[in-house]
Amino acid sequence: MTEIKTKTLAQLHDLTNRWAVITGGAGHVGFVAAQTLLELGANVILVDRSESGLEKAKQALKTAERVHTLVCDLSQRSDVDKAVLQIIEWTDNHLAVLINNAAFVGTDKLEGWAVPFDQQSIVTFEQCLTVNLTSPFQLCQGCAPSLTKFGQGDSSASIINVSSIYAHIGPRMEMYEGTAMGNPAAYGASKAGLELSTKWLASNLAPHVRANNIVLGGIFRGQPESFLNQYNKHNLMGRMAEEEDLKGAFALLASDASKYMTGQSIVIDGGWLAL
Ligand SMILES: NC(=O)c1ccc[n+]([C@@H]2O[C@H](COP(=O)([O-])OP(=O)(O)OC[C@H]3O[C@@H](n4cnc5c(N)ncnc54)[C@H](O)[C@@H]3O)[C@@H](O)[C@H]2O)c1
């Protein structure tokens, strides 16, 4: 057999001098995505509507020289347009990674959101679609030329959309009884739309830009015991995810370790969707 020459895993995961944008960068998953990419050498731009949250995240990441923060309300088109211009400037129009992670989530306290079906409001439904589905479209569209420019070099650029098991299945509503948590119709609908837009982006931006989903099950955040007892029963690992469980997928999809992978999903759910 002739010798097969491959890069080492360290070389394939190396993100030195690459720029990555992470929306929802002040939140839990955004933080672990940033930690992962920084560990691999990237410069990151954290995008969030919470200025104080961004500042806290930047301090906690302890690599200030490689962390930029951008306050942006993704529900406002003009804010997203401004963010795109700033991203183009900071990255010198060469963006390597775009992680669409910000979202309205089940614990958000919004009127007409985590409430029974008959009280879920159309206004909130539409706001959820705007943040969870339309803003990733707008950001991808705005950043596509920059991603493509990067991807015309030796490595392709990577879009990672953060989705949920509820893009695939309905929720077991009994789990939420007696808690302040919820799982409104708009959430799963927005994530299902996001997952399909990933395939669309993969098909339209290849070969210079790849697009994949990370599909998450529930993450442990000190949820009420009644919820945990039920959640853990429907889960092959018998527990909720921890942030650390997500690092491998971010490292893989953001880097050349997945350079032949596009239009796909990595599901990190402890086996929830396998049952
Ligand atoms: N936490 C879970 O159990 C879980 C499960 C499945 C999927 N997910 C997905 O993971 C992603 C991250 O969730 P998380 O658990 O880190 O939630 P989180 O609430 O900790 O973080 C979400 C971040 O998004 C930001 N955000 C929300 N609306 C915004 C807007 N209009 N403009 C700018 N920023 C905005 C928030 O300020 C927050 O910092 C989401 O896409 C979520 O759907 C989470």
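The following paragraphs examine the structure supplied in this document. Keep in mind the model is a prediction, meaning the values are calculated, not measured.

Focus on the packing of aromatic side chains
Centre distance and the angle of the planes are the two values used to describe a pair of aromatic rings. This structure, assessed with the given rule, holds four aromatic pairs. Ring centres 5.6 Å apart and planes at 85° place the aromatic pair Phe 104 and Trp 113 in the edge-to-face group. As far as burial versus exposure is concerned, Phe 104 and Trp 113 are alike and both buried. Grouping aromatic residues by their ring pairs yields a cluster made of Tyr 176, Phe 227, Tyr 231 and Trp 272.

Structural notes on empty space enclosed by the protein
Under the definition given, this model contains one cavity of 30 Å³ or more. Of the volumes computed, that of the largest cavity is approximately 40 Å³. Every residue along the wall of the largest cavity is listed here: Gly 112, Trp 113, Gln 120, Ser 121, Thr 124, Phe 125, Pro 184, Ala 185 and Ala 186. The set of elements that each furnish at least two residues to the lining of the largest cavity consists of helix H5 (122-151) and helix H6 (185-205). Of the residues belonging to the lining of the largest cavity, the class tally is five nonpolar, four polar and no charged.

As for the layout of surface pockets
Here the largest pocket is characterised by a volume of approximately 1200 Å³. Lining the largest pocket are 47 residues; nearest its centre among them are Ala 103, Val 105, Gly 106, Thr 107 and Arg 221. Going through the elements one at a time, helix H2 (28-39), strand E5 (157-164), H6 and helix H7 (225-233) are the ones with two or more residues in the lining of the largest pocket. In terms of residue class, the lining of the largest pocket is built from 25 nonpolar, 15 polar and seven charged.

A look at the environment of His 208
Looking at the element boundaries, His 208 is found in the loop between H6 and strand E6 (209-216). Sequence separation of His 208 and Ser 158 is 50 residues, and the distance between their C-alpha atoms is 8.7 Å. Sequence-distant contacts of His 208, defined by excluding residues within four places in its chain, comprise Leu 147, Thr 148, Gly 151, Gln 152, Ser 156 and Ala 157. Of note is the side chain of His 208, whose polar atom sits 3.2 Å from the backbone oxygen of Gly 151.

Considering the sheet that holds strand E7 (residues 265-268)
Here seven strands make up an open sheet; going across it, the order is E3-E2-E1-E4-E5-E6-E7 and the pairing parallel. Strands with a single pairing partner mark the edges of an open sheet, and in this sheet they are strand E3 (67-71) and E7. Between one strand axis and the next, the sheet turns through 15° on average, direction left out of account. The sheet contact formed by E6 and E7 spans four bridges and is parallel. Paired with Val 215 across the bridge in E7 is Val 267. Along the sheet, helix H3 (residues 51-61) contacts strand E2 (43-48) and E3; its crossing angle with E3, the most-contacted strand, is approximately 175°. On top of the sheet, H5 reaches strand E1 (19-23), strand E4 (97-100), E5 and E6; it is set at about 165° to E4, its chief contact.

Rules and cut-offs
- Residues numbered from 1 in each chain as written.
- Predicted model: local features only at pLDDT ≥ 70, side-chain atom pairs only at ≥ 80, totals over all residues.
- Heavy atoms only, no water.
- Phe/Tyr/Trp six-rings, centres within 6.5 Å; stacked < 30°, edge-to-face > 60°.
- Buried < 20%, exposed > 50% of the residue type's maximum accessible area, 1.4 Å probe, protein only.
- 1 Å grid on protein atoms, 1.4 Å probe; cavity = no way out; pocket = protein on both sides within 12 Å on 5 of 7 lines; lining within 4 Å.
- Points joined across faces, edges and corners; volume = space filled by probe spheres on them.
- Helix = DSSP H or I, 4+ residues; strand = E, 2+ residues; numbered from the N terminus.
- Nonpolar A, V, L, I, M, F, W, Y, C, P; charged D, E, K, R; others polar.
- Contact = heavy atoms within 4.5 Å.
- Polar contact = N/O pair within 3.5 Å; in protein donor to acceptor, adjacent residues only side chain to side chain.
- Pairing = 2+ DSSP bridges.
- Axes fitted to C-alpha atoms, helices over the stretch in contact; angles between N-to-C directions.

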